[in-house]
Amino acid sequence: MNLNPQFVAIEGGAALDIRTLAGTDPNKDMRTLLIALAFVHAMVVPCLAETFQERIGLCLTCHGENGQSDNVEVPSLGAEPAPFVPIQLYLFREKQRRVEPMTDAAKDLTDDDLRQFSDFIARLPAPKPPRGSPDAARMERGRTLAQRYHCGFCHNPDFSGRDNIPRLAAQREDYLVKALREYKSNTRPGYDASMAEVTQPISDTEILDLAYFMARAE
Ligand code: HEC
Ligand code: HEC
């Protein structure tokens, strides 16, 4: 399997995101700024950050200390199945999954770090869905689509994830949309090709409804 074209696309995609979208959308600007600030922090502090708590603390400045991310397009990590996390960290470290802040955050991690960080992350509390009552019609559309495409067959009926399959329940909606679009356009290489196949027949409108529903599943 030749994955190179995907990597080039990802690299191009990430560069495009940061360089050309800045200045066009205030949310993106804010996100770029927040990520840049956290990243500068992460770059400057490592020589001082020796203990495990300090090192994982840097990760959680982006991902949220209680397992819940408040940052646009940064995933919540609470209650992720322990085997899923080291695989993704490995993909980031080896620059197979390329998204700038993460390839940098993962580049010096040892195999022991991958295990330790993953065990810690798996014990963080599960994220909570956004407050407010959900739009019942969209929830129903999302639920029907999840059944049609058998999402719960792999991700567990309550979408809590298992083994190398991530948790979806109460994940950030913007991150779910991003992930699904990237699998569909083959710009996010995964541990296997399951999600590229799953997303092929799914339209963009369906992606939005699925993400709305998953983000509010408890
Ligand atoms: C500067 C912010 C930032 C820092 C610091 C950071 N991350 Fe991330 N992380 C991200 C972003 C953004 C993504 C989503 C990448 C994408 O869009 O595919 C991510 C993705 C991940 C994922 C994949 C989750 C999933 O559901 O796909 C894991 C696991 C992860 N980070 C763990 C860590 C660990 C462990 C550290 C510390 C060593 C860390 N991160 C530090 C921003 C950060
Ligand atoms: C055949 C099993 C299978 C089915 C069916 C499946 N998934 Fe997945 N899914 C996976 C695997 C395996 C991964 C991790 C792939 C990787 O390494 O990137 C994943 C990853 C994801 C992610 C990335 C989450 C993150 O935190 O990075 C999202 C979002 C997702 N799936 C949504 C869905 C939705 C929505 C459906 C139904 C439309 C679905 N999946 C159906 C196996 C499956």
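These figures come from a predicted structure and were not determined experimentally.

A. Just the overall build of the protein chain, in detail. Of the regular secondary structure elements, the protein chain holds 11 helices and zero strands. Start at the N end of the protein chain and walk to the C end: the helices and strands fall as α-α-α-α-α-α-α-α-α-α-α. Classification of the 218 residues of the protein chain by burial places 29% in the buried group. For the protein chain, long-range pairs separated by at least 24 residues make up 69% of all intrachain contacts whose partners lie at least 6 apart in sequence.

B. The arrangement of the site of ligand 2 in detail. Close contacts around ligand 2 come from 23 residues, with Tyr-149, Cys-151, Cys-154, Gly-190 and Tyr-191 the closest. For the shell around ligand 2, the secondary structure elements donating two or more residues are helix H8 (151-155), helix H9 (173-184) and helix H10 (194-199). Examining the composition of the shell around ligand 2, we find that four residues originate from one element, H8, more than from any other. Of the residues in the shell around ligand 2, the class split is 16 nonpolar, six polar and one charged.

C. Broad picture of the packing of H9 against helix H11 (residues 204-215). Contact geometry of H9 with H11 gives a least axis separation of 9 Å together with a crossing angle of 140 degrees. Considering their axes alone, H9 and H11 lie oblique with respect to each other. The two elements H9 and H11 cross, and the hand of that crossing is right-handed. Between H9 and H11, the contacting residues are Glu-173, Leu-176, Val-177, Leu-180 and Arg-181 on the first element and Ile-207, Leu-208, Leu-210, Ala-211, Tyr-212, Met-214 and Ala-215 on the second. Looking at side-chain class alone, the contact of H9 with H11 contains 10 nonpolar, no polar and two charged residues.

D. Quick peek at the confidence of the model for the protein chain. Looking at the protein chain as a whole, the pLDDT averages 85, with 78% of positions reaching at least 70. Note that pLDDT drops below 50 for residues 1-24; the model gives that stretch 21 contacts with residues more than four away or on any other chain.

E. Molecular detail of helix H4 (residues 84-93). Burial analysis of H4 places seven of its 10 residues in the buried class, which makes it a mostly covered element. Against helix H5 (100-106) and helix H6 (111-122) lie the buried residues of H4. Backbone geometry just downstream of H4 places Lys-95 in the positive-phi region, at approximately 60 degrees.

F. Quick peek at H9. For H9, with 12 residues, the first-to-last C-alpha span of 17 Å sits near the 16 Å given by 1.5 Å per residue. Along H9, the residues classified as buried are Leu-176, Ala-179, Leu-180, Glu-182 and Tyr-183. One face of H9 carries all of its buried residues, which in axial projection span an arc of 165 degrees. Next to the buried residues of H9 lie H10 and H11. Remark: Asn-186 follows H9 within two positions and exhibits a positive phi of approximately 60 degrees.

Definitions and cut-offs
Within every chain, residues take consecutive numbers counted from 1 along the sequence as written. To read the labels, note that chains go from A and ligands from 1, taken in the order they are written. The model is predicted, so local features are restricted to residues of pLDDT at least 70 and side-chain atom pairs to those at 80 or more, both for listing and for counting; the totals for chains, interfaces and linings are taken over all residues. A run of DSSP states H or I qualifies as a helix once it reaches four residues; a run of E qualifies as a strand once it reaches two. Both are numbered from the N-terminal end. To assign burial, the other C-beta atoms lying within 10 Å of each residue's own C-beta are counted, with C-beta atoms placed from the backbone; 20 or more indicates buried, 12 or fewer indicates exposed, and intermediate counts indicate partly exposed. Residue pairs qualify as contacts under a 7 Å threshold applied to their C-beta atoms, which are placed from the backbone. We call a residue near a molecule or strand if the C-beta atom, set from the backbone, is within 6 Å of it. Throughout, the ten residues Ala, Val, Leu, Ile, Met, Phe, Trp, Tyr, Cys and Pro are labelled nonpolar, Asp, Glu, Lys and Arg are labelled charged, and all others, Gly among them, are labelled polar. Here, axes are lines fitted to C-alpha atoms. For helices the fit covers the stretch in contact, and angles between N-to-C directions go from 0 to 180 degrees. Orientation is classified from the angle alone, with under 35 degrees giving roughly parallel, over 145 giving roughly antiparallel, 65 to 115 giving roughly perpendicular, and any other angle giving oblique. In this scheme the crossing of two helices becomes right-handed for a clockwise turn of the near helix relative to the far one and left-handed for an anticlockwise turn of less than a right angle. Confidence of the prediction at every residue is given by pLDDT, a number between 0 and 100. To estimate the expected span of a helix, count its residues, drop one, and scale the result by 1.5 Å. Working note: the arc is built from the helix axis to C-beta atom directions.

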